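# Observations on chain architecture
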Amino acid sequence: MEIKQEKILKNIQKAKLGDQVAFTFLLDFYWNEVYGYMLKRTENETDTDDIVIETFAKAFDKISMYNPEFGFNTWLITIAKNVHIDMLRKKKSTLFLEITDEEDSLANQVLDDTPTIEDKLITEQNLSQLLQQIKQLKPAYQEVIQLRYFQEMTYQDMAEQLNEPLNNIKIKLLRAKKLLAEIISEK
């Protein structure tokens, strides 16, 4: 069954108005195309996951700027290419110092990994504060953060437990992290 261009355009218009169902439709419809394109380009599944998630997040944030004279998939691929270029630039600009095994061994002899009482207190306070900030999110977002970061579940396990498509889990977690970052930065 082929989805008509008219249905896609209607969902784009709804998404521009903030309709979450329309966002989900567009995400599900275009995910594999963008993912497949980027996987061929990067040849790395982890990088591709990161790029595609960031692509959809940026696209949904800037959907009001989408020009319907161009194909939506073309717009998404262009965003994905730019995200990939940015990622490559970040990797290239990161400098690594080469440390010999002997220097590493000396550093480990000096370093004391045991947290001090002050470190433990600060960690507990930060965790408590973070949990309070997470509670400000909608329950669905709290749930995906809890499953991913506190229960350390994989995306696939989360999708099965929540009985939702894998792509929905990824984008929901992405949105949850973005909203949480906004809450944290307000404090």
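Attention in this report is confined to the structure presented alongside it.

Cut-offs and rules
- Residues numbered from 1 in each chain as written.
- Predicted model: local features only at pLDDT ≥ 70, side-chain atom pairs only at ≥ 80, totals over all residues.
- Heavy atoms only, no water.
- Core = buried A, V, L, I, M, F, W, Y, C linked by side-chain atoms within 4.5 Å.
- Buried < 20%, exposed > 50% of the residue type's maximum accessible area, 1.4 Å probe, protein only.
- Helix = DSSP H or I, 4+ residues; strand = E, 2+ residues; numbered from the N terminus.
- Contact = heavy atoms within 4.5 Å.
- Axes fitted to C-alpha atoms, helices over the stretch in contact; angles between N-to-C directions.
- Parallel < 35°, antiparallel > 145°, perpendicular 65-115°, else oblique.
- Left-handed = near helix turned anticlockwise from the far one by under 90°.
- Nonpolar A, V, L, I, M, F, W, Y, C, P; charged D, E, K, R; others polar.
- Salt bridge = Lys/Arg side-chain N within 4 Å of Asp/Glu carboxyl O.

With that out of the way, let us pick up the nonpolar core. Grouped together as the largest cluster of nonpolar side chains are 32 residues, with contacts concentrated most on Leu26, Val34, Phe56, Phe72 and Leu76. For this core, the elements supplying multiple residues, two or more each, are α1 (5-16), α2 (20-42), α3 (45-61), α4 (72-93) and α9 (166-186). For this core, the element with the highest residue contribution is α2, accounting for ten residues. Leu76 has contacts with Tyr30, Val34, Thr55, Phe56 and Ala59, leaving out every residue within four places of it along the chain. Leu147, Ala159, Leu180 and Ile183 belong to the second largest nonpolar core, which has 15 residues in total.

Right, let's talk about the packing of α1 against α2 for a bit. With their axes 8 Å apart at the nearest point, α1 and α2 run at an angle of 135° to one another. The orientation of α1 with respect to α2, classified from their angle, is oblique. Crossing handedness for the pair α1 and α2: left-handed. Contacts from Lys7, Ile8, Asn11, Ile12, Lys14 and Ala15 of α1 reach α2 at Ala22, Phe23, Phe25, Leu26, Phe29 and Tyr30. A per-class count over the contact of α1 with α2 returns nine nonpolar, one polar and two charged.

For the rest of this paragraph, the subject is the pattern of salt bridges. This structure, assessed with the given rule, holds six salt bridges. The shortest N-O distance in the salt bridge between Glu6 and Lys10 comes to 3.6 Å. Linking Glu6 with Lys10, this pair stays in helix α1, spanning four residues, or about one helical turn. For Glu6, a relative accessible area of 54% gives the class exposed. In this structure, Asp86 and Arg89 form a salt bridge, with 3.8 Å as the shortest nitrogen-oxygen distance. In this pair, Asp86 and Arg89 are both assigned in helix α4, three residues apart and thus about one turn of the helix distant. For Asp86, a relative accessible area of 33% puts it in the partly exposed group.

No statement about biological role is implied by the geometric values presented.
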